[in-house]
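Architecture at a glance
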Amino acid sequence: MGTLYKVLYPVLCVVTWVFMKIVDALFGFYYKNEHRIVSQVTDPILLQPATVLADKIRSREYRAEDVMSAFIARAKEVNMVVNAIVGEQYDKALRCAQGLDATLDSLTKEQIEQDYSQEKKPFLGVPLSVKEAFGWAGMSNTSGVVSRKPIKATTNAPVLANLIEAGAIPFIQTNVSELCMWFESSNYVYGCTNNAYNSSRMVGGSSGGEGCIISTGASVIGIGSDVGGSIRMPCFFNGIFGHKGSVGAIDNTGQWPIAGDQTMDLLATGPMCRYASDLIPSVKVMAGPERLKKLKLDTQVDFKNLRVISVPDDGGSLFVSSVDPQLKDIQKRAAEYLKSAGANVTDKTISKFRLALDMWAACMNLADKGPRFSELMSGQEGGKNVNCIKELFLWMIRMSEHTLPAIVLGIVNDFLPQRTRNLDLKAVEVLDKLRNEIIELLGTDGVLLYPSHPKPAPYHSHPIATPFNFAYTCLFNALKLPVTQCPLGLSKEGLPLGIQIVTAPNNDHLSLAVALRLEHGFGGWVNPRSN
């Protein structure tokens, strides 16, 4: 069997490469004349980090009402192109901003510094976008499932409550993939979200609406969640920053669907933002004081004592696209820039990375004792399982309420786990060894650079032909390692480029510091139409 595999492997690699080229050519031909780009952001209020906006509201340089009005106007303008906003509380948000202004106007400077200080209210008056999967009292909580249209959240998710307590004002909800388990944000409740830099391209999922709306300038910070790359892929495709933190750093509860008890360690809730300077304040607020104790976010990072390991690709996994040369080039340039800042940089290949999908799937199959995916498709836990085979036939005649990715995932989840148990156990053994190797490699002073995805933002529906390309992000959910997603400019096609920055558990401060340094060197988020 081993000899046969060695003979067939090169053949399969060639077949995969040819297939990917044909798929890319077909999609490129289909969409070649169909795209729009959102307008450039010109209002100076919209072009500042969240913490800067809060400081200016605190000092009364800006009025909270004017800030909120500017973001609402931008949201209404761009959503006609991107379809990222699926719910709004514009009137309530404006009233909250007006109330904040009235309160601040009635206080002395000393009273403001005492009760509304940067420490107590780091996001004072800052407009906040929220992924629709998170509970927001009075707002929809469908996660793209048609049968959940009547459902409204009754309470705020803990992470949202923390941000509101820190002064943020939620004003819009953003789109997701159905049941938050696919990497294109499209469903039959809200439709499909388009990329701000090219509307024929996707925004990623499941936090794709968040990534998109922040990139347009209509939001500056938002809430995302990530079980296989759902923060990092949208941040990459949309050219913004995001962070998947160490296990347990931020409360995951309050979103639907929620991971089962045994897979909670694979899920991470975290910030998505336009500016790297907002990452650490966002993580601090989202986590809360108790969960922050195990992190070292205030630790200063000396780049002369930092080790950077750059891994260019997964080593050649079957059925996963090869990494775009532009992404390899920008990663090399990022490594060189960090070297110029004093870091010790080495290149490395890690052959086990090509088993990423096997390891992640094994974790999902073996650990999760919660409801089946087909049960969640009914719209509730404890509901009757959806017959996904029947739904597939209904989808073919355009009568299903479920998207094709959800149907296929339901079929796979119904039939695969019990048939792959032995293979899954072997994959977890490999994973455990790899985790120990990577943690030892990184130590307390190392970060690893790795592509976020094989390609810049693909065309709509492209993942149906390349469903395994999320292996580049799901690897680090399986390894349970913190990762910061960092934008690195635009490709020659005008699409965002970027990189994952990985570090050892509870060393989030290292990857966050590297993201801040790379923003300084490469410019971070790029204003649409400015290149």
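Residues numbered from 1 in each chain as written. Predicted model: local features only at pLDDT ≥ 70, side-chain atom pairs only at ≥ 80, totals over all residues. Heavy atoms only, no water.

Overview of the nonpolar core
The nonpolar side chains of soluble globular proteins are, as a tendency, buried together. What counts is decided by this rule: Grouping buried Ala, Val, Leu, Ile, Met, Phe, Trp, Tyr and Cys residues that are joined through side-chain atoms within 4.5 Å yields what is termed a nonpolar core. To sort residues, take the accessible area from a 1.4 Å probe on protein chains only and compare it with the maximum for the residue type: under 20% means buried, over 50% means exposed, and anything in between is partly exposed. By the criteria applied, helices consist of DSSP H or I runs no shorter than four residues and strands consist of E runs no shorter than two, each listed in order from the N terminus. Throughout, a residue-residue contact means that at least one pair of heavy atoms, one from each residue, lies within 4.5 Å.
The biggest cluster of nonpolar side chains holds 137 residues, and the ones touching the most others in it are Phe353, Phe476 and Leu518. A per-element tally of this core places helix α3 (residues 64–82) first, with ten residues. The residues contacting phenylalanine 353, other than those within four sequence positions of it, are Val311, Asp314, Leu434, Ile438, Leu448, Tyr450, Leu475 and Phe476. Ranked by size, the runner-up nonpolar core spans eleven residues in total, among them Leu179, Met377, Cys388 and Ile411.

Some details on the packing of helix α11 (residues 356–367) against helix α16 (residues 471–478)
Here is the rule we go by: Only C-alpha atoms enter the line fits that serve as axes; for helices the fit covers just the stretch in contact. Angles between N-to-C directions range over 0 to 180 degrees. Any angle from 65 to 115 degrees is called roughly perpendicular, while one under 35 is roughly parallel, one over 145 is roughly antiparallel, and all others are oblique. If you view the pair so one helix is near and one far, a crossing is left-handed when the near helix is turned anticlockwise from the far one by less than a right angle, and right-handed when it is turned clockwise.
Interhelical geometry of α11 versus α16 gives an angle of 50 degrees and a closest axis separation of 8 Å. Classed by the angle they form, the pair α11 and α16 counts as oblique. The crossing of α11 and α16 is left-handed. Residues Ala356, Leu357, Met359, Trp360 and Cys363 of α11 touch α16, and the partners they reach there are Ala471, Cys474, Leu475, Asn477 and Ala478.

Re the pairing of strand β11 (residues 446–450)
Quick note on the threshold: Two strands form a pair only when DSSP identifies at least two bridges running between them.
When you tally the buried positions in β11, you get five out of five residues, the bulk of the element. With burial as the criterion, each face of β11 is covered, one bearing Gly446, Leu448 and Tyr450 and the other bearing Val447 and Leu449. Across four bridges, strand β9 (residues 307–310) lies against β11 in parallel orientation. Within β11, the residue paired with arginine 307 across the bridge is glycine 446.

A few points about the sheet that holds strand β6 (residues 221–226)
The sheet built from eleven strands is open, its strands ordered β1-β3-β2-β6-β8-β7-β12-β13-β11-β9-β10 with mixed pairing. Here the strands that pair on one side only, and so sit at the sheet edges, are β1 (85–88) and β10 (344–347). Shown here is a sheet whose adjacent strand axes are inclined to one another by a mean of 25 degrees, direction ignored. Bridge count for strand β2 (residues 127–131) against β6 is three bridges, and the pairing is parallel. Paired with valine 130 across the strands is isoleucine 223, a residue of β6.

Some words on the packing of aromatic side chains
Applicable threshold: Ring pairs are drawn from Phe, Tyr and Trp, using the six-membered ring of Trp, whenever the two centres fall within 6.5 Å, and their geometry is named by plane angle: stacked under 30 degrees, edge-to-face over 60, tilted for the rest. Throughout this description, the term charge over a ring refers to an Arg CZ or Lys NZ atom that lies within 6 Å of the ring centre and within 35 degrees of the ring normal.
Considering all chains together, one arrives at 14 aromatic pairs under this definition. When the centroid spacing of 5.4 Å and the interplanar angle of 45 degrees are considered together, the rings of phenylalanine 236 and phenylalanine 237 count as tilted. A relative accessible area of 1% means that phenylalanine 236 is categorised as buried. Ring geometry for tyrosine 450 and tyrosine 472: centres 5.1 Å apart, planes at 25 degrees, overall stacked. Of the two residues, tyrosine 450 sits in strand β11 while tyrosine 472 sits in helix α16, which places them 22 residues apart along the sequence. Every member of this aromatic cluster is reached through a ring pair, and the members are Trp182, Phe183, Trp360 and Phe470. A cation sits over an aromatic face here: arginine 148 above tryptophan 256, 3.8 Å from the ring centre. For the cation-ring pair, arginine 517 lies above phenylalanine 303, with the distance from its terminal atom to the ring centre recorded as 4.2 Å.

Examining helix α6 (residues 158–165)
For clarity, the cut-off: As used here, the arc belongs to the directions running from the helix axis to the C-beta atoms.
Of all the positions in α6, only Val159, Leu160 and Leu163 are classed as buried. Along the axis of α6, the buried residues cluster in a sector spanning 100 degrees; they form a single face. On its buried side, α6 packs onto β2, β3 (169–174), β6, β8 (268–273) and α9 (279–292). Glycine 167, located one to two residues past α6, shows a positive phi value of around 105 degrees.

Remarks on the state of the cysteines
Our working rule: Whenever a pair of cysteine sulfur atoms sits within 2.5 Å, that pair is classed as a disulfide.
Applying the stated criterion across every chain, the model contains zero disulfides. Counting only cysteine sulfurs, cysteine 180 is the nearest neighbor of cysteine 388, a cysteine outside any disulfide, at a range of 17 Å. Here cysteine 486 stays free of any disulfide, with the sulfur of cysteine 235 as its closest cysteine sulfur at 11 Å.

Quick word on the packing of helix α10 (residues 325–340) against helix α17 (residues 508–522)
This is how it is decided: Gly is placed with the polar residues, together with every amino acid not listed as nonpolar (Ala, Val, Leu, Ile, Met, Phe, Trp, Tyr, Cys and Pro) or charged (Asp, Glu, Lys and Arg).
Axis separation between α10 and α17 bottoms out at 10 Å; the angle between their running directions is 105 degrees. Regarding the angle of α10 to α17, the classification is roughly perpendicular. Taking contact as the criterion, the partners of Ile330, Arg333, Ala334, Tyr337 and Leu338 in α10 are, on α17, Val514, Arg517, Leu518, His520, Gly521 and Phe522. Each residue belonging to the contact of α10 with α17 can be placed in one class, and the counts come to seven nonpolar, two polar and two charged.

Quick look at α11
Just so we agree on the cut-off: Given a helix with a known number of residues, its expected span is that number minus one, times 1.5 Å.
Given a rise of 1.5 Å per residue, twelve residues ought to cover 16 Å, and the 16 Å separating the end C-alpha atoms of α11 matches this to within 8%. For α11, the full list of buried residues reads Ala356, Met359, Trp360, Ala362, Cys363, Met364, Leu366 and Ala367. Packed against the buried residues of α11 are α15 (421–442) and α16.

Side note on the environment of methionine 139
When you line up the elements, methionine 139 lands in the loop between β2 and α6. It is 43 Å that separates the C-alpha atoms of methionine 139 and lysine 352, two residues lying 213 residues apart in sequence. Sequence-distant contacts of methionine 139, that is, excluding residues within four places in its chain, are made with Gly87, Glu88, Gln89, Ile151, Lys152, Ala153 and Gln173.

Brief notes about a nonpolar patch on the surface
Condition: Residues enter a patch when their relative accessible area is above 30% and they make no salt bridge; the linking distance is 9 Å between like charges and 5 Å between nonpolar side chains (Val, Leu, Ile, Met, Phe, Trp, Tyr). Per-residue accessibility takes into account occlusion by the displayed protein chains alone, with areas from the Shrake-Rupley method and a 1.4 Å probe. Here, a salt bridge means any side-chain nitrogen of Lys or Arg that lies within 4 Å of a carboxyl oxygen of Asp or Glu.
Taken together, the side chains of Tyr188, Ile389, Phe393, Trp395, Met396, Ile397, Met399 and Phe415 make up a nonpolar region of the molecular surface, amounting to roughly 850 Å² of accessible area. Of the residues forming the nonpolar patch, the biggest block, four residues, is contributed by helix α13 (residues 388–396). Position of tyrosine 188 relative to the elements: it lies in the loop between β4 (186–187) and β5 (191–192).

Brief notes about the side chain of glutamine 500
To be explicit about the condition: N or O atoms closer than or at 3.5 Å make up a polar contact, with two conditions inside protein: a donor-capable atom paired with an acceptor-capable one, and, for residues adjacent in sequence, both atoms drawn from side chains.
Within the element layout of this structure, glutamine 500 appears in strand β13 (residues 496–503). Looking at glutamine 500, the relative accessible area reads 0%, which means it is buried. Within the local environment of glutamine 500, its side chain forms a polar contact with the backbone oxygen of proline 451, the two atoms lying 2.8 Å apart. From its side chain, glutamine 500 meets the backbone oxygen of tyrosine 472 in a polar contact 2.9 Å long. Once residues lying within four places of it in the same chain are set aside, the contact partners of glutamine 500 are Arg232, Leu448, Leu449, Tyr450, Pro451, Ser452, Tyr472, Thr473, Phe476, Val483, Thr484 and Gln485.

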